[in-house]
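Next come the chains, spelled out residue by residue.
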Amino acid sequence: MTDSALVGQHRLDLSRGDITNERVDAIANAANEALRGGGGVDGAVHRAAGPGLLAELRTRYPHGTPTGTAVATDAYDLPARWVLHAVGPVWRGGNNDEPNLLAAAYRSCLILADELGARSIAFPAISMGIYGYPPPDGARVAVQTVVAYLRGETRVEVVRFVLFSEETYELFAEALAEAG
Ligand code: AR6
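What you see is a predicted model, and the numbers here were worked out from it, not measured in a lab.

Chemist: How would you summarise the site of the ligand if you had to cite specific residues and measurements?
Modeler: Taken together, 22 residues sit near the ligand, with N32, V41, D42, S127 and I130 positioned nearest. Here a nitrogen atom of the ligand sits 3.0 Å away from a polar atom, N or O, in the main chain of I19. Note that an oxygen atom of the ligand is positioned 2.8 Å from one of the backbone N or O atoms of G39. Expressed as a share of its isolated accessible area of 700 Å², the protein-covered part of the ligand is 89%. Listing elements by their share of the shell around the ligand, those giving two or more residues are β3 (26–31) and α1 (40–49).

Chemist: Which residues make up the pattern of salt bridges, and what values do they have?
Modeler: Summed over all chains, the structure comprises eight salt bridges. When the shortest N-O distance is used, the salt bridge between R160 and D13 registers 3.7 Å. Highlighted residues: R160 in strand β7 (residues 158–163) and D13 in strand β2 (residues 10–16), separated in sequence by 147 residues. With respect to class, R160 is no different from D13; both count as buried. Among the salt bridges present, the one from E166 reaches R16, with a minimum N-O distance of 2.9 Å. With E166 in helix α5 (residues 166–179) and R16 in strand β2, the pair connects residues that are 150 residues apart, well separated along the chain. You can call E166 partly exposed: its relative accessible area is 31%. We classify R16 as partly exposed; its relative accessible area is 38%. One salt-bridge network, held together by shared partners, links R11, D13, E22 and R160.

Chemist: Run through the nonpolar core, naming residues and quoting values.
Modeler: Among the nonpolar cores identified, the biggest contains 44 residues, and I121, F123, F161 and F172 are the most heavily contacted of them. Not counting the four nearest positions on each side in its chain, F161 is found in contact with L12, D13, L14, S15, Y106, F123, A142, V143, V146 and F172. Grouped together as the second largest cluster of nonpolar side chains are 17 residues, V45, A49, Y61 and V71 included.

Chemist: Explain α1 to me, and be specific about the residues and the numbers.
Modeler: Inspection of α1 places D42, G43, A44, V45, H46 and A49 among the buried residues, and these make up the whole buried set. Residues of α1 that are buried in the fold lie against β3, α2 (52–60) and β5 (82–87). G50 sits one or two residues past α1 and shows a positive phi near 95 degrees.

Chemist: Go over the environment of G129, please, and point to the residues and values.
Modeler: For G129, the location among the structural elements is in the loop between β6 (120–123) and α4 (135–150). As a C-alpha pair, G129 and V41 span 88 residues in sequence and 8.9 Å in three-dimensional space.

Chemist: So what's going on with the packing of aromatic side chains? Which residues, and what values?
Modeler: Applying the stated criterion to the full structure yields five aromatic pairs. On the numbers, 6.0 Å between centres and 70 degrees between planes, the contact of Y106 with F161 is edge-to-face. Note that Y106 is positioned in helix α3 (residues 98–116) and F161 in strand β7, a separation of 55 residues in sequence. Members of the aromatic cluster, connected to one another through ring pairs, are Y106, F123, F161 and F172.

Chemist: A description of the pairing of strand β4 (residues 70–74) should follow, citing residues and the corresponding values.
Modeler: Burial analysis of β4 places four of its five residues in the buried class, which makes it a mostly covered element. Pairing analysis gives five bridges linking β4 to β5, with the strands arranged antiparallel. Looking at β5, one finds that A72 is bridged to L84.

Calculation notes
- Residues numbered from 1 in each chain as written.
- Predicted model: local features only at pLDDT ≥ 70, side-chain atom pairs only at ≥ 80, totals over all residues.
- Heavy atoms only, no water.
- Near = heavy atom within 4 Å.
- Polar contact = N/O pair within 3.5 Å; in protein donor to acceptor, adjacent residues only side chain to side chain.
- Areas by Shrake-Rupley, 256 points an atom, 1.4 Å probe, with all protein chains shown as cover.
- Helix = DSSP H or I, 4+ residues; strand = E, 2+ residues; numbered from the N terminus.
- Salt bridge = Lys/Arg side-chain N within 4 Å of Asp/Glu carboxyl O.
- Buried < 20%, exposed > 50% of the residue type's maximum accessible area, 1.4 Å probe, protein only.
- Core = buried A, V, L, I, M, F, W, Y, C linked by side-chain atoms within 4.5 Å.
- Contact = heavy atoms within 4.5 Å.
- Phe/Tyr/Trp six-rings, centres within 6.5 Å; stacked < 30°, edge-to-face > 60°.
- Pairing = 2+ DSSP bridges.

Honestly, it's all geometry; don't read function into it.
If you want it as structure tokens, here you go:
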């Protein structure tokens, strides 16, 4: 299943599946501040990339990275070239700057992609699993942030949200229809 929209010359796609299979320049990972792996998509990314990923994170980012930021590594055994480890907010009721921090996590990845020269990037639904971000709001922030970025100066050509469940896919499709 796929939905697609054009934002100027850029394409925004939705697809169902496992992000570790994506053949794009960069995949984003929903990490935590420590950057030492975890469950959910982070666990899947580390398993599929192999041990070099954790070794690079330990060496280059010994103190992790704050919520709302992202760091890049090689993608090792994954089909992508880079992994962008983004830290979304833990949902704490909504009055702790969660929407801004979630938008900042997506934007940090897009900025890194531009710095690296990545033209295609795949995102999971950051913060919408273990971190408990309410699904309709999380999808809206994700789509609006990417659309706003693609309307600015960027060399990123394709952004794809890779959603694990049918429900999450539908929420992103609704958010995309609203943003269009
Ligand atoms: N491909 C695409 N999406 C996936 C995959 C996958 N392989 N696996 C899970 N999802 P989560 P968070 C979906 O919990 O909420 C980790 O322990 C999942 O269904 O992975 O940002 C980290 O180390 C959900 O829709 O990330 C952090 O401690 C979305 O990806 C913490 O979890 C995000 O769910 C981060 O929590």
